[in-house]
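Architecture and fold: a report
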Amino acid sequence: MADIIIKTSDYVNVLVSASCQNVAIEKRFKKDITVLELKEKLELVTGGSSNTMKLKVFTKDDKLVCALDDNNALIGSYHIDDGMRLHVEDSFSLRKQLEEDESVEKYKLSEEEYAKREDSVLAYLKRNKLGKFSKDEQERRELQKKEEEEAEAKKLETLSVGARCEVSVPGQPTRRAAIRFIGTTHFKPGTWVGVQYDEPMGKNDGSVDGKRYFECPPKYGGFVKLLHVTAGDFPEEELNLDDEL
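Residues numbered from 1 in each chain as written. Predicted model: local features only at pLDDT ≥ 70, side-chain atom pairs only at ≥ 80, totals over all residues. Heavy atoms only, no water.

1. Topic: the packing of aromatic side chains
Rule in force here: Whether two aromatic rings pair depends on their centres lying within 6.5 Å, for rings of Phe, Tyr and Trp, where Trp uses its six-membered ring; planes under 30 degrees apart make the pair stacked, over 60 edge-to-face, and the rest tilted. Every helix listed is a DSSP run of H or I at least four residues long, and every strand listed is a run of E at least two residues long, numbered separately from the N terminus. When accessible area is computed with a 1.4 Å probe and restricted to protein chains, residues below 20% of their type maximum are described as buried, those above 50% as exposed, and intermediate ones as partly exposed. Comment: the charge-over-ring label is applied if NZ (Lys) or CZ (Arg) is within 6 Å of the ring centre and within 35 degrees of the ring normal.
Using the criterion set out here, one finds seven aromatic pairs in the structure. Arranged with centres 5.4 Å apart and planes meeting at 75 degrees, the rings of Tyr213 and Phe223 form a pair that is edge-to-face. Of the two residues, Tyr213 sits in the loop between strand E10 (211-212) and strand E11 (221-225) while Phe223 sits in strand E11, which places them ten residues apart along the sequence. Phe223 matches Tyr213 in its accessibility class, with the two residues each being buried. Each residue in the set Phe181, Phe187, Trp192, Tyr213, Phe214 and Phe223 is aromatic and connected to the rest through ring pairs, giving one cluster. Positioned above the aromatic ring of Tyr11 is the side chain of Arg28, whose terminal nitrogen or guanidinium carbon lies 3.9 Å from the ring centre. Just above the ring of Phe58 sits the side chain of Arg85; from NZ or CZ to the centre is 4.6 Å.

2. What to know about the sheet that holds strand E5 (residues 85-89)
Rules: We call two strands paired when DSSP finds no fewer than two bridges between them. The axes used here are C-alpha line fits, helices contributing only the stretch in contact, and every angle between their N-to-C directions lies in the interval 0 to 180 degrees. Note on definitions: a residue-residue contact is assigned when non-hydrogen atoms from the two residues lie within 4.5 Å.
Taken together, five strands build an open sheet; the order of strands is E2-E1-E5-E3-E4 and the sheet is mixed. In this open sheet, the two strands that pair with only one neighbour each are strand E2 (25-30) and strand E4 (64-67). Within this sheet the neighbouring strands show an average axis-to-axis angle of 35 degrees, counted without direction. Bridging between strand E1 (residues 11-18) and E5 involves four bridges; their strand directions are parallel. When the bridges of E5 are listed, Val16 appears paired with Leu86. Set on the sheet, helix H1 (residues 35-46) makes contact with E1, E2, strand E3 (54-58) and E5; between it and E2 the angle comes to about 150 degrees.

3. A look at the pairing of E1
Across six bridges, the pairing between E1 and E2 is antiparallel. Counted as the bridge partner of Val14 is Lys27 from E2. Linking E1 back to E2 in an antiparallel pair, the connection comprises six residues.

4. Comments concerning unusual backbone geometry
Of note, the phi angle at Asp62 is positive, near 65 degrees, even though the residue is not glycine. Take Asp62: it is sitting in the loop between E3 and E4. The phi dihedral of Asp209 falls on the positive side, at around 55 degrees, and the residue is not glycine. Relative to the helices and strands, Asp209 is located in the loop between strand E9 (207-208) and E10. Residue Asp209 is classed as exposed on the basis of its relative accessible area, which comes to 71%.

5. Points about the sheet that holds strand E12 (residues 229-231)
The strand order E11-E8-E7-E6-E12 describes an open sheet built from five strands, whose pairing is antiparallel. What marks the edges here is a single partner per strand, and that holds for E11 and E12. The average angle at which neighbouring strand axes cross in this sheet is 45 degrees, direction not considered. By the bridge criterion, five bridges tie strand E8 (residues 191-197) to E11 in an arrangement that is antiparallel.

6. Concerning the pairing of E5
Extensive coverage of E5 is indicated by the burial of four of its five residues. For E3 and E5, the ladder comprises five bridges, and the chain directions are antiparallel. The partner of Val57 across the bridge, within E5, is Leu86.

Keep in mind that these numbers describe shape and distance, not what the molecule does.
Set out below in structure tokens:
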């Protein structure tokens, strides 16, 4: 492809349509990218897969100009001008998965089978190094995890069973309680704090799914993350019914 010289504009403006949708959107692409690179860009636009999609070029009058059938060719080597329509044909299984919240469960695939698919959301993220597969995102997550682990270790040193505490969960009112349990549980990983609230504002009686971690009256028990608990000299709250009508 080194013998090809693009003498026109470095970019081409086209309408992108797909067999899975009724509208076309205008996009601008560099002419010195390969057809495969173009397909990879169109994955995000259409939800198709670069491994299976086929591209065709049409004039403004919907007359077929050519098919972009060589993945290694530069798109500038094809007869494609501004205003033409670039049509994408594919099964669009990636698009369907993106539109369905629980696609993996609906297809009833095992994690191993899902990981082998080339047209999945997971494969798309891996191929484009997006989301959790992005190097920057991985580094950010590792740093965040390390900082959380250090903060939890420091917090753990301040807590003890029997101590008074305040529980501050984001989006919920601050509640006072007594610490009844500190340790791991069967229902979620990590270290959890079991508390007995001063008022019936909890979710259990110290047991979850039939497994007991501590004793307390129904609706007074709860399990919270370490960072949401602050130990201290917090007097037990008393309900003042004299001021209520």
